[in-house]
Each structure stands twice: as C-alpha cells, then as structure tokens.
Amino acid sequence: LALRPFSSLDDIRRNLDLISEMNDLFKFDGGPPDLEFNDLAARVESAIANGDIFEPKALLEFANFFKTVMECQKINPKYKTLHDILKGLIYPEDLHNKIELSVDTSGEIKDSASPELKKIRRELAGVKSKLNINFEQYIHSDTSSILSDKVFSIRDGRYVLPVKESEKSKFKGIIHDRSSSGATFFIEPSESVELNNRHRELETAEREEINRILRLLTEMIFRDFEIIKNLHFKSTFGVDY
C-alpha cells in the first residue's frame, strides 16, 4: 500500500534492470539466498535498552542472517545493479563464526564454545558415570529389598534412592523428598554425599560458564549493532532507491 509511482526515469530504469537481473538470477543461478528474517536490528536495540542477554535460539537467528549476508556477497558480479546494492554489505565474520562455534542447530551450547566449558562437561560426565554405577549397585544389592522401586532418581540435582517409608530408619542417608502418598522417601546415601556435592558444583559451574558465553556473544552483537542495522537496511533489495 505504501508503493507510489517513480518520479525519476533513472529510478525506473534502475529498478527494471534490477528486476531483469533478479529474473536471470532465479533462472540461471538458483536465485538469491533466503531473505526471510525477523527485524533483528530492532531486537538488538531493545536488548541494549533493557540489558537483555540473547538466548541460544535467538543467537541462531543472527547466525542465519549473517549466513544470508555472506551468500549475498557471493552472487555473481555479472549482476551489476544487484551488486551496486550489495557492495556496501559488511559481513561480521568473527561474530558469525563465534556463534556457530558456540551454538548447535538445536539451540544448545556446544562444548567447543569455550575450553572451560569443555573441561567442566568432561568432568561432569565422569562424575555422572560414577554416580550411575554406584546407584545401579545399590539397586542390585541387598539394599534393593528396602526400595519401593528398582530405579534411582534425581532430586534437586542429587542422586537419591526410593526407600520404603517403613524401612527408612534402616538406611543411612539424607532425606530429600517424600512421595505424595507418603509411602516412599527419597534418600541420598551417606556414601554418595561427596560425589553428589561434586555433581552439583559442576552443574553450577556449567550454568555459570554458559551464562558467561551468552553474555559475551550478546556483547559482541551489541558492539556490531551499527553493522547489523545497516545490513538489515541494505538486505531489503532496492530500498536505497
């Protein structure tokens, strides 16, 4: 509805050339990259004003947008009018690479996001493995007779066993929860306290490191705000005219 007739013959010729080039681009070169994206510039502006931190899935949107910019720069130079529009694009390669190094396609933070995160997760996996082995042993030992179920669970980040209410006094450990029926108490064995403590410490360290990475990536986006705003403006082909 906002479209109006051109008042300049040069503008008419330029836009007809652009239409012709876009037609040839679709016909002979597979078309331009996907140009469907949200208003990321407005999102950055809002985040700066509110002090927000971008979540992983939001970061993926930026990565996809930067990929579009990169692919735009690869369009065949024979499309001169199109290149006149796109030549001002600045591809934030460092930021794009950092996001792709840090966030996978499902929106999870990768181990490769930082050496510290990789180290924490490696130790955390080892601790979880030891806890799983220990608790499997409880389930398949004489202890199983006092359990209400042959599975262990996690309460507040700590591995616990489902002990029958009538047998809880026979089991040495820390009570963390009780079933709604009252028939089961979820108890952390005394022998597992130290390993459970390390499990909680590592989970906390993992969350803190992920938050640090998200803050860093957000700050990088804030730093490149003017570039992103300009990219958004330029990426709507022909708006300069």
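Before reading further, recall that the structure is shown in the block above.
If you're wondering where the values come from, they're calculated on a predicted model, not measured in any experiment.

A. Looking closely at the overall build of the protein chain. Check the secondary structure of the protein chain and you find 8 helices and 4 strands. Its helices and strands in sequence order give the protein chain the pattern α-α-α-α-α-α-β-β-β-β-α-α, from N to C terminus. Expected size for 241 residues packed as a compact globule is a radius of gyration near 18 Å; at 28 Å, the protein chain overshoots this value by more than 25%. C-alpha extents for the protein chain along the principal axes are approximately 95 × 35 × 35 Å. Of all 241 residues assigned to the protein chain, the portion counted as buried reaches 39%. Across the protein chain, the centroid of the 35 positively charged side chains sits 3 Å from that of the 42 negatively charged ones.

B. Representation of the pairing of strand E3 (residues 173-178) within the structure. With 5 bridges joining them, E3 and strand E4 (residues 184-189) adopt antiparallel strand pairing. Across the sheet, the residue bridging to isoleucine 175 is isoleucine 187, located in E4. The turn joining E3 and E4, which pair antiparallel and follow one another in sequence, is formed by 5 residues; a positive phi near 85 degrees is taken by glycine 182.

C. Layout of the sheet that holds E4. Taken in spatial order, the 4 strands of this open sheet run E1-E2-E4-E3, and their pairing is antiparallel. Whereas interior strands pair on both sides, the edge strands pair on one side only; in this sheet they are strand E1 (153-155) and E3. Averaged over all pairs of adjacent strands, the angle between their axes in this sheet comes to 50 degrees, without regard to strand direction. Bridge count between E1 and strand E2 (residues 158-164): 3 bridges; the pairing is antiparallel. For isoleucine 154, the partnering residue across the bridge sits in E2 and is tyrosine 159. Relative to E2, helix H6 (residues 115-139) is tilted by about 10 degrees, and along the sheet it contacts E2 and E4.

D. Representation of a nonpolar patch on the surface. A surface patch of nonpolar side chains, about 480 Å² in accessible area, is lined by Phe6, Leu9, Ile12, Leu16 and Ile19. As for its placement among the helices and strands, phenylalanine 6 is situated in the segment before helix H1 (9-29).

E. Focus on the packing of helix H3 (residues 56-72) against helix H5 (residues 93-102). One way to put it is that H3 packs onto H5 with a least axis distance of 9 Å and a crossing angle of 135 degrees. Overall, the two elements H3 and H5 adopt an arrangement that is oblique. For the element pair H3 and H5, the recorded crossing hand is left-handed. Within the contact between the two elements, H3 uses Leu59, Phe62, Ala63, Phe66 and Lys67 and H5 uses Leu95, His96, Ile99 and Glu100. Residue composition of the contact of H3 with H5, grouped by class: 6 nonpolar, 1 polar and 2 charged.

F. How the structure looks around the packing of aromatic side chains. Tallying each qualifying case throughout the model produces 9 aromatic pairs. Measuring from centroid to centroid gives 6.2 Å for phenylalanine 54 and phenylalanine 222, while their planes differ by 65 degrees, and the two rings are edge-to-face. Residue phenylalanine 54 is found in the loop between helix H2 (40-50) and H3, and its partner phenylalanine 222 is found in helix H7 (residues 193-223); the two are separated by 168 residues along the sequence. Here phenylalanine 54 falls in the buried class, since its relative accessible area comes to 5%. Centre to centre, the rings of phenylalanine 62 and phenylalanine 66 are 6.3 Å apart; their planes meet at 40 degrees, and the pair counts as tilted. Of the two residues, phenylalanine 62 and phenylalanine 66 are both situated in helix H3; the distance of 4 residues between them amounts to about one turn of the helix. You can call phenylalanine 62 buried: its relative accessible area is 0%. Take phenylalanine 66: its relative accessible area is 0%, and that puts it in the buried class. One aromatic cluster is present, formed by Phe54, Phe62, Phe65, Phe66 and Phe222 through successive ring pairs. Lying over the aromatic face of phenylalanine 186, arginine 155 brings its terminal NZ or CZ to 4.0 Å of the ring centre.

G. Expanded view of the side chain of arginine 121. With respect to the element layout, arginine 121 can be found in helix H6. What arginine 121 contacts, discounting residues up to four positions off in sequence, is Ile109, Lys110, Asp111, Glu206 and Ile210.

Cut-offs applied
Residues numbered from 1 in each chain as written. Predicted model: local features only at pLDDT ≥ 70, side-chain atom pairs only at ≥ 80, totals over all residues. Heavy atoms only, no water. Helix = DSSP H or I, 4+ residues; strand = E, 2+ residues; numbered from the N terminus. Rg over C-alpha atoms; globule rule 2.2 N^0.38 Å. Buried < 20%, exposed > 50% of the residue type's maximum accessible area, 1.4 Å probe, protein only. Lys, Arg positive; Asp, Glu negative; His and termini not counted. Charge placed at Lys NZ, Arg CZ, Asp CG, Glu CD. Pairing = 2+ DSSP bridges. Axes fitted to C-alpha atoms, helices over the stretch in contact; angles between N-to-C directions. Contact = heavy atoms within 4.5 Å. Patch = residues over 30% accessible without salt bridge, like charges linked within 9 Å, V, L, I, M, F, W, Y side chains within 5 Å. Areas by Shrake-Rupley, 256 points an atom, 1.4 Å probe, with all protein chains shown as cover. Salt bridge = Lys/Arg side-chain N within 4 Å of Asp/Glu carboxyl O. Parallel < 35°, antiparallel > 145°, perpendicular 65-115°, else oblique. Left-handed = near helix turned anticlockwise from the far one by under 90°. Nonpolar A, V, L, I, M, F, W, Y, C, P; charged D, E, K, R; others polar. Phe/Tyr/Trp six-rings, centres within 6.5 Å; stacked < 30°, edge-to-face > 60°. Lys NZ or Arg CZ within 6 Å of the ring centre and 35° of its normal.

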